[in-house]
Amino acid sequence: MSKIGKQPVQLESGTTIKIDGRVISVTGPKGALEFKMPRGVTIVVNDSVAIVKKEREDYQLNKFYGLTRTLLANAVEGVNRGFEKKLELQGVGYRARIDGQNLVLNLGFANPVIVSPLEGISFKAVDGIITVAGIDKAIVGDMAAKIRAVRPPDPYKGKGLRYFGEIIKKKAGKSAKAVGGK
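These numbers were taken from a predicted model, which means no experiment stands behind them.

Digging into the packing of aromatic side chains
Item 1. The full count for this structure, using the stated rule, is 0 aromatic pairs.
Item 2. In this structure, Lys85 packs its charged tip against the face of Tyr163, placed 5.4 Å from the ring centre.
Item 3. We note Lys86 situated over the ring of Phe164; from NZ or CZ to the ring centre the distance is 6.0 Å.

What follows is the structure in structure tokens.
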């Protein structure tokens, strides 16, 4: 049985969960999210606690049991606190700025790269740190990955866009190999 699925989800004040068939709507101070619940799993809401239960005891249902609880917990956290991912620019002359809602990146290409946010996403760019914020964890992570893919970190010089705190192992170039021997 899933250890994650057994854990109750604490609801903060101002957070409501509405169940309409298989569609779960979570509303809070920052907005509203909804997701579709898999078959065989139900959600029971008591006061300020939501509990995910299996309709029947089935080994194949365990994966959906834990998944549903995690999706619910992420939705509750998103509508209350939100999520954010940070990326940092590493390289001489690399810059990022906000133009309206769009993110404009100068990353050594001939033209600047303009990134438009997905619905519910906001950008901040301060001192080489780009912050992607929103209430849906999956969309925030997807948007951050798309920005990073514009110029991923180079393994030889370390230049590029990387997640904040990400460590890139640098490779030795050809000249270091030639000096070392064969």
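Past the structure itself, the notes keep going.
Digging into unusual backbone geometry
Item 1. Phi is positive for Asp47, which is not a glycine, with a value near 50 degrees.
Item 2. Locating Asp47 in the fold gives a position in the loop between β5 (41-46) and β6 (49-54).
Item 3. With a phi angle near 50 degrees, Asp127 is a residue other than glycine that sits in the positive phi range.
Item 4. Tracing the backbone through its elements, the reader meets Asp127 in the loop between β11 (121-126) and β12 (129-134).

Overview of the pattern of salt bridges
Item 1. Taken as a whole and judged by the stated rule, the model has 6 salt bridges.
Item 2. In this structure, Arg56 engages Asp58 in a salt bridge whose closest nitrogen and oxygen atoms are separated by 4.0 Å.
Item 3. In this structure Asp58 comes out as partly exposed when scored by relative accessible area, which is 27%.
Item 4. Taking the shortest distance from any N to any O, the salt bridge between Asp142 and Lys146 comes out at 3.6 Å. Placement of the pair is Asp142 and Lys146 together in helix α3 (residues 137-150), with a separation of 4 residues, close to one helical turn.
Item 5. The class for Asp142 is partly exposed, based on a relative accessible area of 36%.

Criteria and cut-off values
Residues numbered from 1 in each chain as written. Predicted model: local features only at pLDDT ≥ 70, side-chain atom pairs only at ≥ 80, totals over all residues. Heavy atoms only, no water. Phe/Tyr/Trp six-rings, centres within 6.5 Å; stacked < 30°, edge-to-face > 60°. Lys NZ or Arg CZ within 6 Å of the ring centre and 35° of its normal. Helix = DSSP H or I, 4+ residues; strand = E, 2+ residues; numbered from the N terminus. Salt bridge = Lys/Arg side-chain N within 4 Å of Asp/Glu carboxyl O. Buried < 20%, exposed > 50% of the residue type's maximum accessible area, 1.4 Å probe, protein only.

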